[in-house]
Amino acid sequence: MIYSFLQNGDTALTVQFKKEISKEVNAYVTALASLVQEKQIKGVTETIPTFASLTVLYDCAVISSSSLKSKLKKLISEIKISEKSKVKVWEIPVCYEGEFAPDMESVSEHTGLSKEEIIELHTSKPYLIYMLGFLPGFAYLGGMDERLFTPRLENPRLEIFKGAVGIGGEQTGIYPIASPGGWRLIGKTPVSVYDPEAEPPILYEAGDYINFVSVTREQYDEIEKQIAENKYTVKYREEEL
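Predicted model only: the values in this text are computed from it and were never measured.

Basis of the calculations
- Residues numbered from 1 in each chain as written.
- Predicted model: local features only at pLDDT ≥ 70, side-chain atom pairs only at ≥ 80, totals over all residues.
- Heavy atoms only, no water.
- Pairing = 2+ DSSP bridges.
- Helix = DSSP H or I, 4+ residues; strand = E, 2+ residues; numbered from the N terminus.
- Axes fitted to C-alpha atoms, helices over the stretch in contact; angles between N-to-C directions.
- Contact = heavy atoms within 4.5 Å.
- Expected span 1.5 Å × (residues − 1).
- Buried < 20%, exposed > 50% of the residue type's maximum accessible area, 1.4 Å probe, protein only.
- Polar contact = N/O pair within 3.5 Å; in protein donor to acceptor, adjacent residues only side chain to side chain.
- 1 Å grid on protein atoms, 1.4 Å probe; cavity = no way out; pocket = protein on both sides within 12 Å on 5 of 7 lines; lining within 4 Å.
- Points joined across faces, edges and corners; volume = space filled by probe spheres on them.
- Nonpolar A, V, L, I, M, F, W, Y, C, P; charged D, E, K, R; others polar.
- Salt bridge = Lys/Arg side-chain N within 4 Å of Asp/Glu carboxyl O.

### Quick look at the sheet that holds strand β1 (residues 3-7)
For step 1, the next point in the chain: Across the sheet, four strands lie side by side as β1-β2-β4-β3; this open sheet has antiparallel pairing. With partners counted over all chains shown, the strands left at the sheet margins are β1 and β3 (44-49), one partner each. Ignoring strand direction, the axes of neighbouring strands in this sheet form an average angle of 20 degrees.
For step 2, the next point in the chain: Summarising the sheet, β3 and strand β4 (residues 53-58) pair through five bridges and their orientation is antiparallel. Considered in β4, the bridge of valine 44 is made with tyrosine 58.
For step 3, the next point in the chain: The strands touched by helix α2 (residues 65-78) are β1, β2 (12-17), β3 and β4; relative to β2, the strand with the most contacts, the crossing angle is about 35 degrees.

Below you can see the structure in the form of structure tokens.
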């Protein structure tokens, strides 16, 4: 895999892989991030994975840029990407009904699909988490069926409710906290994918997958009740993808 280094000031070094959004390139990003964390390189303070690059933050008083580059080159040479690997697939319950889906009708009109067809397609397969960003716990997901592609709202909302599940162009995702946004909302999850009091605070990480699971309003309310009573655990399965 071709890559290059980009120096960002005195305390950040970016490894830039091929500039494209693809599962293969992103696999190198997440593999390198895992190796950096596993090796616990002295002086490295944080890693920030994106679609096609990994930024490594470090203490320049502990490790130099040239030394860090050498270590990263060695780690990259050790990466072996198999066609399929075992990954975590988080099963996220979503209610696609009523006030939780204010834009379902407009998505239906744009795509020519019925509500039932939209839900079936949206829940039909796992989505790769390419990266986290925009908001804490906001996962940029890849792999949405192109029949669901719908442009963002012309006028973004000033506030979108926490747990909203939406479609924005070629992507889908979850709003982890209430915030402004322009995605079209088709459902809501009762699960808090970001909880600053939890450890870790974000449920998943880049390289994991999300599989949306349709639930009724009654099931949603029951899950919400279990969460309030600390009796609910988000399910995940390990799968070769």
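Back to the write-up after that little detour.
### So, unusual backbone geometry
For step 1, the next point in the chain: Residue glutamate 199 is joined to proline 200 through a cis peptide bond whose omega torsion reads 0 degrees.
For step 2, the next point in the chain: Topologically, proline 200 is positioned in the loop between β12 (184-188) and β13 (209-215).

### Re helix α1 (residues 23-39)
For step 1, the next point in the chain: Compared with an ideal rise of 1.5 Å per residue, which puts 17 residues at 24 Å, α1 spans 24 Å between its outermost C-alpha atoms and is within 8% of the ideal.
For step 2, the next point in the chain: Residues of α1 that are buried include every one of Val25, Asn26, Tyr28, Val29, Thr30, Leu32, Ala33, Leu35 and Val36, and no others.
For step 3, the next point in the chain: In this structure, the buried residues of α1 make contact with β2, β3, β4, α2 and β6 (127-132).
For step 4, the next point in the chain: Looking one or two places after α1, you find glutamine 40, whose phi comes out positive at around 45 degrees.

### Side note on the environment of arginine 184
For step 1, the next point in the chain: For arginine 184, the position within the fold is in strand β12.
For step 2, the next point in the chain: Look at arginine 184 and you get buried, because its relative accessible area is 15%.
For step 3, the next point in the chain: In terms of polar contacts, arginine 184 uses its side chain to reach the side chain of serine 106, at 3.2 Å.

### Structural notes on the layout of surface pockets
For step 1, the next point in the chain: Its volume calculated, the largest pocket comes out at about 1,100 Å³.
For step 2, the next point in the chain: Lining of the largest pocket is provided by 36 residues; of these, Thr30, Ser34, Glu205, Ala206 and Gly207 occupy positions nearest its centre.
For step 3, the next point in the chain: Of all the secondary structure elements, the ones that give two or more residues to the lining of the largest pocket are α1, β3, β5 (86-95) and β6.
For step 4, the next point in the chain: Here the lining of the largest pocket takes ten residues from α1, the largest share from any one element.
For step 5, the next point in the chain: Grouping the constituent residues of the lining of the largest pocket by class yields 18 nonpolar, nine polar and nine charged.
For step 6, the next point in the chain: The space that makes up the second largest pocket amounts to roughly 390 Å³.
For step 7, the next point in the chain: Lining the second largest pocket are 15 residues, and of these Ser192, Asp195, Leu203, Tyr232 and Val234 lie nearest its centre.
For step 8, the next point in the chain: Of the residues in the lining of the second largest pocket, the class split is ten nonpolar, three polar and two charged.

### Regarding the pattern of salt bridges
For step 1, the next point in the chain: This model, assessed by the stated rule, comprises eight salt bridges.
For step 2, the next point in the chain: Among the salt bridges present, the one from glutamate 78 reaches lysine 74, with a minimum N-O distance of 2.7 Å. Taken together, the residues span about one helical turn, with glutamate 78 and lysine 74 both in helix α2 at a distance of four residues.
For step 3, the next point in the chain: Given the relative accessible area of 30%, glutamate 78 is considered partly exposed.
For step 4, the next point in the chain: Here arginine 217 ties to aspartate 221 by a salt bridge, and the two come within 3.2 Å at their closest N and O atoms.

So far we have only geometry, and geometry alone does not tell us how the molecule works.
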